[in-house]
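The residues making up each chain are set out below.
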Amino acid sequence: MTERETGRALAHPEPAEIRLEAVLHALSDPVRLSIVRDLAEAEAGNGAELPCSYFDLPVTKSTTTHHFRVLRESGVVRQTYRGTAKLNGLRRADLEKLFPGLLDSVLTAAEAEAGRLAAGTTA
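The structure contained in this document is the topic of the report that follows.

Calculation criteria
Here, residues in each chain are numbered from 1, in the same order as that chain's written sequence. Confidence filtering applies because this is a predicted model: local features only for residues at pLDDT of at least 70, side-chain atom pairs given and counted only at 80 or more, and all residues used for totals across whole chains, interfaces and linings. Only hydrogens and water are set aside; all other atoms, that is, all heavy atoms of the structure, feed into the side-chain values. Any Lys or Arg side-chain nitrogen found within 4 Å of a carboxyl oxygen on Asp or Glu counts as a salt bridge. Strands are runs of DSSP state E lasting at least 2 residues, helices are runs of H or I lasting at least 4, and numbering of each runs from the N terminus. Only protein chains enter the accessibility calculation, which uses a 1.4 Å probe. A residue is then buried if its area is under 20% of the maximum for its type, exposed if over 50%, and partly exposed in between. The rule for pairing is simple: two strands pair if DSSP sees at least two bridges between them. Working rule for contacts: check all heavy atoms of both residues, and any pair within 4.5 Å makes them a contact. Angular values range over 0 to 180 degrees, each being the angle between N-to-C directions of two axes fitted as lines to C-alpha atoms, with helices fitted over their stretch in contact.

**Description of the pattern of salt bridges**
Item 1. Considering all chains together, one arrives at six salt bridges under this definition.
Item 2. Ionic pairing is found between R92 and E43, a salt bridge with its closest N-O pair at 2.4 Å. Of this pair, R92 sits in helix α5 (residues 92–98) while E43 sits in helix α3 (residues 30–45), placing them 49 residues apart in sequence.
Item 3. Assessed through its relative accessible area of 29%, E43 is described here as partly exposed.
Item 4. Residue R82 pairs with E49 through a salt bridge whose shortest N-O separation is 2.8 Å. One end of the pair, R82, is in strand β2 (residues 77–82); the other, E49, is in the loop between α3 and β1 (50–51), and 33 residues separate them in sequence.
Item 5. Overall, E49 belongs to the partly exposed group, its relative accessible area being 29%.
Item 6. Connected through shared salt-bridge partners, E43, R92 and D104 make up one network.

**Observations concerning the sheet that holds β1**
Item 1. In spatial order, the strands read β1-β3-β2; together these three strands make up an open sheet with antiparallel pairing. A single partner strand is all that each edge strand has here, and the edge strands are β1 and β2.
Item 2. The pairing of β2 with strand β3 (residues 85–90) spans six bridges and is classified as antiparallel. Its bridge partner lying in β3, V77 is registered against L90.
Item 3. Along the sheet, α3 makes contact with β1, β2 and β3, crossing β3 at roughly 80°.

**Quick word on the pairing of β3**
Item 1. Where β1 lies against β3, two bridges are found, and the strand directions are antiparallel. Directly across from P51, in β3, lies its bridge partner L87.
Item 2. Linking β2 to β3, which pair antiparallel, is a turn of two residues; within it G83 sits at a positive phi near 65°.

Shown next, in the form of structure tokens:
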């Protein structure tokens, strides 16, 4: 049975509907950026999508739902139901085609910042 047949399909913007300002807004929040970093790591490791339950976020369940909705509605992630799990994956190909290098640049900058903060430096 497909998502459409189950009535559990989630709305995602078509590539032509994805806007830079929405993507940048989605990536500007530390919680959402951490989700994207985890998804990128999973993608690089084995290409797997991650269920929402994978993420241990410092926010309530309803706020977690909000963050995933922002990421989905901005076009950063694709969410699909598999059984009772909602799986998340980056829309890397769409983002790369629309905004070449953006996602990789943001992920590289986030990695550098995490290293800098872990080392206790600000420069």
